[in-house]
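Observations on the model geometry
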Amino acid sequence: MNSELQGIHHLTAVTAHARENLAFYTGTLGMRLVKKTVNQDDVSAYHLFYADKLATPGSDLTFFDWAHTPRERRGSHAITRTGLRVGSEASLAWWAEHLAASGVQHGGVTERDGRAVLDFEDLEGQRLSLVSDDGTGNPWEQSPVPAEHQIHGLGPITMTVTKLSPTDVVLTQVLGMRQVREYPDPEDTRDTVHVFEMGPGGPAAELHVAVRPNLPFAKPGAGGVHHVAFRVPNEEQYHEWERYLQSIGIPTSGEVDRYYFRSIYFREPNGILFELATDGPGFAVDEPADQLGERLALPPFLEPQRAAIEAGLKPLE
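Definitions and limits used
- Residues numbered from 1 in each chain as written.
- Predicted model: local features only at pLDDT ≥ 70, side-chain atom pairs only at ≥ 80, totals over all residues.
- Heavy atoms only, no water.
- Helix = DSSP H or I, 4+ residues; strand = E, 2+ residues; numbered from the N terminus.
- Contact = heavy atoms within 4.5 Å.
- Polar contact = N/O pair within 3.5 Å; in protein donor to acceptor, adjacent residues only side chain to side chain.
- Salt bridge = Lys/Arg side-chain N within 4 Å of Asp/Glu carboxyl O.
- Buried < 20%, exposed > 50% of the residue type's maximum accessible area, 1.4 Å probe, protein only.
- 1 Å grid on protein atoms, 1.4 Å probe; cavity = no way out; pocket = protein on both sides within 12 Å on 5 of 7 lines; lining within 4 Å.
- Points joined across faces, edges and corners; volume = space filled by probe spheres on them.
- Nonpolar A, V, L, I, M, F, W, Y, C, P; charged D, E, K, R; others polar.
- Core = buried A, V, L, I, M, F, W, Y, C linked by side-chain atoms within 4.5 Å.

Quick notes on the environment of histidine 77
Tracing the sequence through the fold places histidine 77 in the loop between strand S4 (60-65) and strand S5 (78-86). In this structure the C-alpha to C-alpha distance between histidine 77 and proline 288, which are 211 residues apart in sequence, comes to 39 Å. Look past the residues within four positions of histidine 77 in its chain and what remains in contact with it is Thr160, Val161, Thr162, Phe217, Asn270 and Ile272. A distance of 3.0 Å separates polar atoms of two side chains, one belonging to histidine 77 and the other to asparagine 270.

A word on the pattern of salt bridges
Inspection of every chain in the model, using the stated rule, returns 23 salt bridges. When the shortest N-O distance is used, the salt bridge between lysine 53 and glutamate 141 registers 2.7 Å. Here lysine 53 is found in the loop between strand S3 (42-51) and S4, whereas its partner glutamate 141 is found in the loop between strand S8 (127-132) and strand S9 (153-161), with 88 residues between them in sequence. Residue lysine 53 is classed as partly exposed on the basis of its relative accessible area, which comes to 28%.

A short note on the layout of surface pockets
Size it by volume and the largest pocket reaches roughly 490 Å³. Lining of the largest pocket is provided by 28 residues; of these, Arg81, Arg112, Thr158, Pro186 and Glu187 occupy positions nearest its centre. Elements with a minimum of two residues in the lining of the largest pocket: S5, strand S6 (106-112), strand S7 (115-121), S8, S9, strand S10 (178-185) and strand S12 (206-211). Grouping the amino acids of the lining of the largest pocket by side-chain chemistry returns 8 nonpolar, 8 polar and 12 charged. Taken together, 18 residues line the second largest pocket, and the ones lying closest to its centre are Ala16, Ala18, Asp65, Ala67 and Lys314. Residue assignment for the lining of the second largest pocket shows that the elements contributing at least two residues are helix H1 (18-28) and S3. With 4 residues, the top contributor of residues to the lining of the second largest pocket is S3. When its residues are assigned to classes, the lining of the second largest pocket shows 9 nonpolar, 4 polar and 5 charged.

A word on the nonpolar core
Ranked by internal contacts, the top residues of the largest apolar core, which has 68 residues, are Leu29, Leu130, Leu175, Phe230, Phe274 and Leu276. Dropping the residues within four chain positions of it, leucine 130 is found in contact with Leu84, Val86, Leu92, Trp95, Leu99, Ala116, Val117, Leu118, Phe120 and Ile151.

By themselves, these figures tell us nothing about what the structure is for.
What follows is the structure in structure tokens.
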């Protein structure tokens, strides 16, 4: 393979309470709702995308709204923590006060893997960490969070498995990630977290794999993560990835056109769902950039069903 993944593209989680989810991520966390659409495989459910001002690839935290889904049962063979990058340790201090004032419990500012972090959970137990990162973002003027403290994007992403070797093979030999270091698991310091990086490296391009041999398997549900997507810069490399995965015998979804990006889905050996997604064409393909997320957006193949789809969705406000 001549193509190299460039980092985290997006992460998709599950909520059973879309209205409260919207209020938390746009209000408390100050992210921009950049696309209000539906799950293309289940049009009865919203698919909400939160990101920075420009909906930059790598800044999208998205949610499927499955209202009758029970809470996730935590365990291994799952994505277990989502990093959200902010500009500095000073921002983490601001966030510690802001979350507390908003009634959100947190673990205080600590250090993990050489970076300052602030762990907390959303209203359904979605495990999140604000991570100090020196990079700059694209602040959204209408956010309730001051520009200098806004969330820049995703990363690192942490997944938990009971055995490293099968996952290591896929990450390094198939996806071309580099295993660069390890550190004690903060959940249980007898266990180890292994850090894999893509492309330029850094928190926006890191997947952390925690190995916890004695942890039971997770059961998916609200407050859990559905899948993580990695960045493919263009369609030429996207097609190359599909040909390559087929050639080495890895079952995939085949090429899937999500309209806002192109996708390929497959599962690593522990059953965790991975996606390879293109950077483009992006969310402004069907809405003006200054009006993203203001109306229900549907890809062209679903537009003829708009009336029926809208009738089946509950208002978010």
